Amino acid sequence: MTVTSVDKDLDNLTLTVIADFTAPVEKVWQLWADPRQLERWWGPPAYPATVEAHDLTPGGEVRYFMTSPEGEKFGGWWRIASVTPPTALEFTDGFSDQDGKPDPEMPTTAVRMTLNEREGGTRMELRSVFDSREQMDQLAEMGMVEGLRQSIGQMDDLLAA
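Because the structure is a prediction, the values reported are computed rather than measured. (Residues numbered from 1 in each chain as written. Predicted model: local features only at pLDDT ≥ 70, side-chain atom pairs only at ≥ 80, totals over all residues. Heavy atoms only, no water.)

Caption draft 1: Representation of the sheet that holds strand β4 (residues 61-67). The eight strands lie next to each other as β1-β2-β8-β7-β6-β5-β4-β3, forming an open sheet whose pairing is antiparallel. In this open sheet, the two edge strands, each paired with only one partner strand, are β1 (3-9) and β3 (49-54). For this sheet, the mean inter-axis angle between neighbouring strands, taken without regard to orientation, is 20°. Here strand β7 (residues 109-118) runs beside strand β8 (residues 121-129); their pairing, made up of nine bridges, is antiparallel. Among the inter-strand pairings, alanine 110 is bridged to a residue of β8, identified as valine 129. Most of the contacts of helix α1 (residues 25-33) go to β7, to which it runs at about 155°, and overall it touches β2 (14-21), β3, β5 (73-84), β6 (88-96), β7 and β8. Of the strands in this sheet, β1, β2, β6 and β7 touch helix α3 (residues 133-141), which is tilted by about 140° from β1. (Pairing = 2+ DSSP bridges. Helix = DSSP H or I, 4+ residues; strand = E, 2+ residues; numbered from the N terminus. Axes fitted to C-alpha atoms, helices over the stretch in contact; angles between N-to-C directions. Contact = heavy atoms within 4.5 Å.)

Have a look at this one:
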């Protein structure tokens, strides 16, 4: 599997996932930049994503939903803070209600994704910052850590294609 480490830092309220790929940075970047490729890995295998909007510019939004094996839909959104193709993306990640609008009852996280060349391939660091320990615990209980591990684990097959 591509995920080489997962670090939960309770003092700094961060979750950092490191993944290593044999593909070049530009090819890994395309898995984020192309909405059709993003929906092939963003979400655990049993919860495929459908990307409805994809604007990777500062102030832009990505809107998507994941579909459970039972057909239930779970919406999400990103608000893009900064983009430095092909090496960095920063965004706020949140949940949507049934109408696709941001759900104010659910926590958001500040996410920074970086791609760096490493030994003939790419290292991806995905760091999520939480507002509180309660939010961090809530998202962990919802399966965020394992969900990210499974989602990122799908990237290798896409990069090999």
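Caption draft 2: Main features of the pairing of β8. Relative to β8, β2 runs antiparallel, the two sharing eight bridges. Counted as the bridge partner of leucine 15 is serine 128 from β8. Connecting the antiparallel pair β7 and β8 is a turn made up of two residues, with glutamate 119 showing a positive phi of about 45°.

Caption draft 3: Layout of the packing of aromatic side chains. Applying the stated rule across the entire model yields 10 aromatic pairs. A ring pair is formed by tryptophan 42 and tryptophan 78, whose centres lie 5.0 Å apart and whose planes are at 85°; its orientation type is edge-to-face. One end of the pair, tryptophan 42, is in the loop between α2 (35-38) and β3; the other, tryptophan 78, is in strand β5, and 36 residues separate them in sequence. Seen in terms of ring centroids, tyrosine 47 and phenylalanine 74 are 6.3 Å apart; in terms of plane orientation they differ by 50°. Their pairing is tilted. One end of the pair, tyrosine 47, is in the loop between α2 and β3; the other, phenylalanine 74, is in strand β5, with 27 residues separating them in the sequence. Following the ring pairs from residue to residue traces out a cluster consisting of Trp32, Trp41, Trp42, Tyr64, Trp78 and Phe91. (Phe/Tyr/Trp six-rings, centres within 6.5 Å; stacked < 30°, edge-to-face > 60°.)

Caption draft 4: Representation of the nonpolar core within the structure. One finds Trp32, Trp41, Trp78, Leu89, Met124, Ile152 and Met155 to be the most contacted residues of the largest nonpolar core, which totals 40 residues. Here this core takes five residues from α1, the largest share from any one element. The residues touching leucine 89, leaving out its near neighbours within four places in the chain, are Trp29, Trp32, Leu56, Trp78, Ile80, Ser82, Val83, Val111, Arg112 and Met113. (Core = buried A, V, L, I, M, F, W, Y, C linked by side-chain atoms within 4.5 Å. Buried < 20%, exposed > 50% of the residue type's maximum accessible area, 1.4 Å probe, protein only.)

Caption draft 5: Looking closely at the pairing of β7. Pairing analysis gives six bridges linking β6 to β7, with the strands arranged antiparallel. Pairing of leucine 89 across the sheet is with methionine 113, part of β7.

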